[in-house]
Each structure stands twice: as C-alpha cells, then as structure tokens.
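# Chains, contacts and geometry: an overview
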Amino acid sequence: GTYTITLTKESIENQPTIFYASSTSQNLVAGGSLPKVETTIKINVQKTSLEITKIDKDTQSITPSGEASLAGTTYELYDKEQNKIQEIIIEENPITIQNIEYGTYYIKETKAGTGYLIDNEIHEINISKENPNNNIILEDEVIKKKIIIEKKYGNNNNFQEEKDISFSITNNKEEIAVITTNEEGKAEITLPYGTYTITQLNTTEGYQKIEPLIIQVLDIENEIIELRDWEIPVPN
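Here the structure is a predicted model, which means the values were calculated and not measured.

If you look at the biggest cluster of nonpolar residues, it comprises 16 residues, and the most contacted ones within it are Phe167, Ile169, Ile179, Leu191, Ile198 and Ile215. Secondary-structure elements contributing two or more residues to this core are strand 12 (144–155), strand 14 (166–170), strand 16 (186–192), strand 17 (194–200), strand 18 (213–217) and strand 19 (223–230). Among the elements that line this core, the one with the most residues is strand 16, at three residues. Setting aside anything within four residues of it in sequence, one finds Ile179 in contact with Ile149, Ile165, Ser166, Phe167, Ile169, Ala187, Glu188 and Ile189. Of all hydrophobic cores here, the second largest spans 14 residues; its members include Leu50, Ile90, Ile97 and Leu138.

On average, residues of the chain carry a pLDDT of 92, and 100% of them reach 70 or more. At the level of individual helices and strands, the chain shows its lowest average pLDDT in strand 3 (residues 28–30), which scores 82, and its highest in strand 14, which scores 97.

A few words now on unusual backbone geometry. Between Asn93 and the following residue, Pro94, the backbone shows a cis peptide bond with an omega angle of 5°. Considering the arrangement of structural elements, one finds Pro94 in the loop between strand 7 (84–89) and strand 8 (95–98). Unusually for a residue other than glycine, Asn99 sits at a positive phi of about 55°.

So, about the pattern of salt bridges. In the structure shown here, the tally under the stated rule is 13 salt bridges. Here Lys145 makes a salt bridge to Glu223, at a shortest N to O gap of 3.4 Å. Placement of Lys145 in strand 12 and of Glu223 in strand 19 is noted, with a sequence separation of 78 residues between them. Here Glu223 falls in the partly exposed class, since its relative accessible area comes to 26%. Notably, a salt bridge pairs Glu188 with Lys146, separated by 3.5 Å at the nearest N-O pair. Of this pair, Glu188 sits in strand 16 while Lys146 sits in strand 12, and the two are 42 residues apart along the sequence.

So, on to the sheet that holds strand 15 (residues 175–180). The strand order across the open sheet formed by four strands is 15-14-17-18, and the pairing between neighbours is antiparallel. Two strands in the sheet have a free side with no partner beyond their single neighbour: strand 15 and strand 18. With strand direction ignored, the average angle separating the axes of adjacent strands in the sheet is 25°. In the sheet, strand 14 pairs with strand 15 via five bridges, with the strands oriented antiparallel. Counted as the bridge partner of Thr170 is Glu175 from strand 15.

Taken together, the side chains of Tyr3, Ile5, Leu7, Ile41, Ile43 and Val45 make up a nonpolar region of the molecular surface, amounting to roughly 510 Å² of accessible area. Among the elements of the structure, strand 1 (2–9) and strand 4 (37–44) are those that each provide at least two residues to the nonpolar patch. The greatest single-element share of the nonpolar patch, amounting to three residues, is contributed by strand 1. Along the chain, the position of Val45 falls in the loop between strand 4 and strand 5 (49–56).

The next thing to look at is the environment of Gly115. Examined against the element boundaries, Gly115 turns out to sit in the loop between strand 9 (103–111) and strand 10 (122–127). Gly115 sits in the buried class, given a relative accessible area of 8%. In this structure the C-alpha to C-alpha distance between Gly115 and Leu77, which are 38 residues apart in sequence, comes to 23 Å. The contacts of Gly115, once residues within four sequence positions are left out, are Ala68, Val142, Ile143 and Tyr193.

Calculation notes
- Residues numbered from 1 in each chain as written.
- Predicted model: local features only at pLDDT ≥ 70, side-chain atom pairs only at ≥ 80, totals over all residues.
- Heavy atoms only, no water.
- Core = buried A, V, L, I, M, F, W, Y, C linked by side-chain atoms within 4.5 Å.
- Buried < 20%, exposed > 50% of the residue type's maximum accessible area, 1.4 Å probe, protein only.
- Helix = DSSP H or I, 4+ residues; strand = E, 2+ residues; numbered from the N terminus.
- Contact = heavy atoms within 4.5 Å.
- pLDDT = per-residue confidence, 0-100.
- Salt bridge = Lys/Arg side-chain N within 4 Å of Asp/Glu carboxyl O.
- Pairing = 2+ DSSP bridges.
- Axes fitted to C-alpha atoms, helices over the stretch in contact; angles between N-to-C directions.
- Patch = residues over 30% accessible without salt bridge, like charges linked within 9 Å, V, L, I, M, F, W, Y side chains within 5 Å.
- Areas by Shrake-Rupley, 256 points an atom, 1.4 Å probe, with all protein chains shown as cover.

Given below as structure tokens:
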C-alpha cells in the first residue's frame, strides 16, 4: 500500500537563544534550542510473490500418476550471482513465497517426489515493478515402464504362442486396464510407478490359468514376463 512517514527533528532540552552585545569586547551568542523541523515522505510498498505449482507431466495437473507423489519435491532458489536464497519444499500444492526483492532468480529441483524423475532444467524468474507476482508451473515425469507379457501354452518343452488371452491389470484401488495377447502371444502395457496385480481372465480349453501375479514399477527399464499355461492332466 501507500504510506506517509513524518520525520521530526527537535531539541530534547528547550533552551532560549541568548545574545550579548558589548561596546568594549566582542559580541557573544548562545544558540539555544534548534527550531523544530519536519519532513514528510510518501512511500509505496509493493507486495511481491512467487507461486509454484507442481504438476504431473502426463496428467497436466497436481494429481499424480499411479502411486507416485508430488509432495516432498525440493527446490533451491538462487539469486543472479548464484547465491542460494532458500530451500523450497512442496508440501501444499501450490506453494507461495512472499516478499521477494526485485531481481532475477533461478530455481532448480534438487529432489523429486516419490516415483518421479528429477527435473534437471534451471528455471529463470524475474521479479520487477512491472511483474511483482510470478506464477510458475513446473512439471515432473513419473517413473514408468513397459510391461511385455509373452504367453505360451503346452506341456513340458512343447509350448506354443497363446493368442486371445486377456489379463486384468489392477492397482490397490481399481482395475485400470485389460490387455489381450496377439497372434504372437504378446500383450504389452506401459504403467506408472506403483504396485499392480496381473490376473489372467481366460485360457485355451484344457489348460490351466496362471495364479495372479504381483509386479512393481520402480524404474524405467522394460520388463518381459514369460507366462505358461500348463495342460490340465487327464486321469486314467
């Protein structure tokens, strides 16, 4: 806002000014108290702020993918001379920093949230009279990998590709996808960070289905899962 400051200068002790005139010697003066002086200054205080919104690159929102979490993402704020100003931890999203002096600043991610890849880009921010309030959106890419299922059926060493076999993919909340093998007995899906259960929904007649399989996505390396349906034994 706009403020007025009044500065007042006056003597603590109120002493009179004395003048002594002499015809036989020099004149003498005692200055006494100074006269009261006031000066008024008008100032304008401009509020500045930096709002940081952390989003998931895939969802383009603050909603994370899979079981990942944007909370805990850590940044460091530097001035133009590369002096560290402060550390910023994303706990509430978005987060706002108040009363930043005018100038050029740089922000760099030092720790990614759980399940995310770190952003190595350095972002420049300018706080000025014309642009006192900055809103910056920063995104991270979730860890995800391609899961490739290779499905075969048979007995002992005699296996062949098994097509049209469907699998339900669920996390700890709900079913997120159903995938089906092709002519080569392959099905694939790309999953974000988290723990998943793969459940076989059907099988070739006369063959057993596999038990539900639990997998974890913790890195970005493709994973091939070889699954076999064994022939149901026929009793004598």
